[in-house]
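# Breakdown of the fold
Each chain, written out:
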Amino acid sequence: MTEPLLHLAGIGLSFAGNTVLQDVSFAVQEGRVASLIGPNGAGKTSLFNCITGFYRPRAGRISFAGQDLRRLKPHRITAAGIARTFQNLRLFREMTVLENVMSGMHCRTRAGAIGAILRLASQRREEEEIRAVAHECLAFVGVADERDRIATTLPYGHQRRVEIARALATRPRLLLLDEPAAGLNGGEKRELIGLIRSIRDQRAITILLIEHDTGLVMRVSERVSVLDHGQMIAEGTPREIQTDPRVIEAYLGSDEDADALL
Amino acid sequence: MSLTSILLHQALNGLVLGSFYALVALGYTMIFGVIKLLNFAHGDLYMAGGFVALLVLSAISGIVGAGWPGIFLAMLLAMIAVGCLGVVIERIAYHPMLGAPRLSILITALAVSLVLENTVLALTNGQYAAFQTSLGFGGVAIGGLFITYSEMVLVGMAALLMVTLELFVTRTQYGRAMRAVAVDTDMCALLGINVPTVIGVTFFIGSALAAAAGTMAGAYYGSLWYFMGFLIGLKAFTAAVIGGIGSIPGAMLGGLVLGMLESFGTQIPGIGSQWKDVFSFVVLILVLVFKPTGLLGRSEQERM
Amino acid sequence: MASDARVLARLAGPLAGFLSRGIGRWIALALLFAAMAAAPFVLGEYATVILTNALLYVVLALGLNVVVGYAGLLDLGYAAFFAVGAYTVGILTLRAGMNFWLTLPAAVAVAAVAGVVVGGPTLRLRSDYLAIVTLGFGEIVRITARNLPITGMASGLSGIRQPWLFGWHIATPRDFYYVFCVLATAAAIVSARLSDSRLGRAWLYVRYDEDAAEAMGIDRVRVKLAAYVTGAIIGAIGGAFFAVNLGAISPPSFSFSQSVSILMAVILGGMGKIPGVILGAMIVVLGPELLRSLGEFRLLVFAIGLLLIMLFRPSGLWPGRSHAK
């Protein structure tokens, strides 16, 4: 087995004395679609926040493509090649769809105040490149027609796509999707599965997603990890997870329907 | 004067100054606690308190005199009047803005501060107003230190107000609700706590404490000015930050620490009293750089 | 007052629309420049001096607008940078005998360093803290200027000589009026170009959602610092020309109320909108001239106006898209 793209070892996180994550170890191989599931409050989003540098775990190591991420700020982690979306949509309000997606190119470009004030040739070239990349990402997720609308006025499903386009514009190697199917209808979910596959296959981006819709998870992912009460209780192929007694118990023990796994 | 008596004298100065800072800082920190707003107008409520007390005192001094009984009465009325003013300001200016971007709320607070200052400026023509009392300069000598009765009463009053506040916050239903709202407003609303009332009570108490400090400062220094709230607002913020913003004991401690720092800091050779204010701002910036959560503030989950 | 604002906005709406499109825009600009060039001849010397002051405010307000209107940071001590520029020029020309034009880069450098020193540590914290720290910084600069012999203590510096530019002695009020016309135009162009750039967009991203901006790979501290320092530099340039225009500077010109006036200019017209900020600067300078009869109540009128704007029309008087909600 090759060195995993993302490797977490012994991650511990606590807030004001409450343990949120305990000794979580976990790896994602390059080129996979991997999923993280678990009941509400299991610590899935907290784990995302540790990977992306928004939380600082009190213990453990996180490495990405051989690089230690533990001391890096979120923007450095994005620059290192990890992009994310948010569970509740976090588009920049009052800005157009295109402007939203252009934000992703910030860490791949360099023009500063002087370049902008003097309108240097290098700055103008860069601006064109930013627009071109943003447009290409929008076209890829299928909402290029709406690029000049104010992003927050789009239908919900399209806003989710804009968030994905914005993350793609950072040119990541690993994309973290936090509940990308939340609030989508059946048709939109099917399209999402197609989109996730084409991101992996056409853009060679590894994907890690958190999702509540276990049906979608089982269809789209090659590896599934289960988090419960801040601990990793199972890991394996979708089939192995569906039959794992600990997983079934974790779901039965919560309010959620264990049938969802089957 | 011997070195000991100089040090004792500065400690006393620091204590008096620190009491004023602490009283104003308490309101700052309580209001920040419940609505997460830096209330720029808070220092101006201190100024308004001084002026209301002066008005009351000049009206009643013919009957009760301008000694301590008159000052207490004036202070009490000023606390009630300015407390209500604080509630009105919250309802009119801040309440409609709670969903607005932070920048808009901060500017609104600044606008409220300017309205208060310029109202008093227009009414007083920008002149100093004499706060005449018949307190005199009597006192007792303890060791090498002479303490006036006024100083003793002022520090005693400030301590009494702070103890009362502490009891209110820890022992009463409103006090507990106030602390709960400071932790999680949305959750409190879900649990059936009447959040707007709690915010109103907080504004009332915070403003009343500032008015008490304004009255005491007027009686102590003997004059009032429309702009006197500006500097103390800044100092009180500094005190609140030193103690840990949002923390009530922190505001008391921070006020005293800042009072002492200023009092002793100006004795360092090369830092005369003309540098006193610069000294406190430098302290503020240093605290923000090295210990932004202050002495007693809770640290949040560290964000990188 | 609020309904006045609404009426004004309704009247200005179609006009602003016309002015922002194609040929209408060029005609409007040509008329504006013609009016600016002709003004001193038509209006006489007193009005020219007032207009020069208004143009200085346009420069300062556009500088502060980068901080407040673009990056959404509240700076309550902007006059400090204005002072840094003015005193750097005053000290270097008077005490070191330097040529004015050589002191300009020095003023810019000092302002940039001061901006980094004050903003660097503060901008890591909650953004509200910046408001208070800048307020404190404004007072530090003013008190320092009042207490140091090199800055002339309370009486300030006087006898700052008017500069020469390629054989043109910039001396009369009319000369300075034209200099400030050029400065204000340059400030407007710089603002517009910054707003429509990678950095300008980054200011908005950070302003609307710091976490999402960080997740997009934007260093929020660095981006905010860039705004703060850009504002500082523009303020210092305004201060430098202010010093040679008046020939004398003293601490009261750099007080808290000066910072507030500049901030009012930014807010009244409309934060983040260049024409709005220019309109705001004009109101702040020309308004008190028109309200002279009100005496001490003049500032109160402004304060109440500011409060009403915030409560009823936070996007300012100028219509159209605003970066502030």
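Source: prediction; values computed, not measured. Per chain, residues are indexed from 1 in the order of the written sequence. For this description, chains carry letters from A and ligands carry numbers from 1, given in the order in which they are written. Reporting in this predicted model follows two pLDDT cut-offs: at least 70 for local features of residues, and 80 or more for side-chain atom pairs to be given and counted; totals over whole chains, interfaces and linings ignore these cut-offs and use all residues.

## Concerning the overall build of chain B
Numbering goes from the N terminus for both helices and strands, where a helix is a DSSP run of H or I of at least four residues and a strand is a run of E of at least two. Counting its secondary structure elements, chain B contains 11 helices and four strands. Radius of gyration (C-alpha) of chain B: 19 Å, near the 19 Å computed for a compact globule of 304 residues. Seen along its three principal axes, the alpha-carbon backbone of chain B occupies a region of about 60 × 50 × 40 Å. Looking at the 304 residues of chain B, the share that counts as buried comes to 50%. Summarising the internal contacts of chain B: among those between residues at least 6 apart in sequence, 76% fall at separations of at least 24. For a compact globule the rule gives 2.2 Å times the number of residues to the power 0.38, and the radius of gyration it is set against comes from C-alpha atoms. With C-beta atoms placed from the backbone, the exposure class of a residue follows from how many other C-beta atoms lie within 10 Å of its own: 20 or more, buried; 12 or fewer, exposed; in between, partly exposed. Think of it this way: build a C-beta for each residue from its backbone, and any pair within 7 Å is a contact.

## A word on the confidence of the model for chain B
Of all residues in chain B, 97% attain a pLDDT of 70 or more, and the chain-wide mean is 89. Mean pLDDT values for the elements of chain B range from 83 in strand E2 (residues 139–142) of chain B up to 95 in helix H3 (residues 68–94) of chain B. pLDDT measures the predictor's confidence residue by residue and takes values from 0 up to 100.

## With respect to the interface of chain C and chain B
Taken together, the contact pairs 34 residues of chain C with 34 residues of chain B. Those elements giving two or more residues to the side of chain C that touches chain B turn out to be helix H5 (100–122), helix H6 (127–147), helix H11 (256–269) and helix H13 (297–312) of chain C. Of the residues forming the side of chain C that touches chain B, the biggest block, 13 residues, is contributed by H6 of chain C. Classifying every residue of the side of chain C that touches chain B by side-chain character gives 24 nonpolar, six polar and four charged. Residues are grouped as follows: nonpolar covers Ala, Val, Leu, Ile, Met, Phe, Trp, Tyr, Cys and Pro; charged covers Asp, Glu, Lys and Arg; every other residue, Gly included, is treated as polar.

## Some words on the pairing of E2 of chain B
Residue and element names in this part refer to chain B. Two strands form a pair only when DSSP identifies at least two bridges running between them. Note: E2 against strand E3 (residues 145–148), four bridges, orientation antiparallel. Bridge pairing in E3 places Ile142 opposite Leu145. Counted between consecutive antiparallel strands, the loop separating E2 from E3 contains two residues, among which Gly143 sits at a positive phi close to 60 degrees.

## Details of the packing of helix H1 (residues 3–35) of chain B against helix H9 (residues 228–243) of chain B
Residues and elements named next belong to chain B. Interaxial angle, 0 to 180 degrees, is taken between N-to-C directions of lines fitted to C-alpha atoms, where a helix line uses only the stretch in contact. Interaxial distance between H1 and H9 falls to 8 Å at its minimum, and their mutual angle equals 75 degrees. In terms of axis orientation, H1 runs roughly perpendicular to H9. Mapping the contact onto sequence places Phe20, Tyr21, Ala22, Val24, Ala25, Tyr28 and Thr29 in H1 and Ile232, Lys235, Ala236, Phe237, Ala239 and Ala240 in H9. Its residues placed into classes, the contact of H1 with H9 shows 11 nonpolar, one polar and one charged. For classification, angles of less than 35 degrees are called roughly parallel, those exceeding 145 degrees roughly antiparallel, those between 65 and 115 degrees roughly perpendicular, and all remaining angles oblique.

## Side note on the sheet that holds strand E9 (residues 223–228) of chain A
All names here are of chain A. What the six strands build is an open sheet, ordered E6-E7-E8-E3-E9-E10; its pairing is mixed. Bordering the open sheet on either side are strand E6 (82–84) and strand E10 (231–236), each of which pairs with just one other strand. For this sheet the average axis-to-axis angle between neighbouring strands, irrespective of direction, equals 20 degrees. Pairing of strand E3 (residues 33–37) with E9, which is carried by four bridges, proceeds in the parallel orientation. The partner of Ala34 across the bridge, within E9, is Arg223. Against the sheet, helix H1 (residues 44–51) makes contact with E3, E6, strand E7 (174–178), strand E8 (206–210) and E9, and its axis sits at roughly 150 degrees relative to E7, the strand it touches most. Each of E3, E7 and E8 touches helix H7 (residues 186–203); the most contacted strand, E8, lies at about 150 degrees to it.

## A short note on the packing of H1 of chain B against helix H2 (residues 42–64) of chain B
Residues and elements named next belong to chain B. At their nearest, the axes of H1 and H2 sit 9 Å apart, and the two run at 140 degrees to each other. Relative to H2, the element H1 lies oblique. Considering the relative orientation of H1 and H2, their crossing is right-handed. Of the residues in H2, those in contact with Val24, Gly27, Tyr28 and Ile31 of H1 are His42, Gly43 and Tyr46. A class-by-class count of the residues in the contact of H1 with H2 yields four nonpolar, three polar and no charged. With the far helix as reference, a near helix turned anticlockwise by less than a right angle produces a left-handed crossing, and one turned clockwise produces a right-handed crossing.

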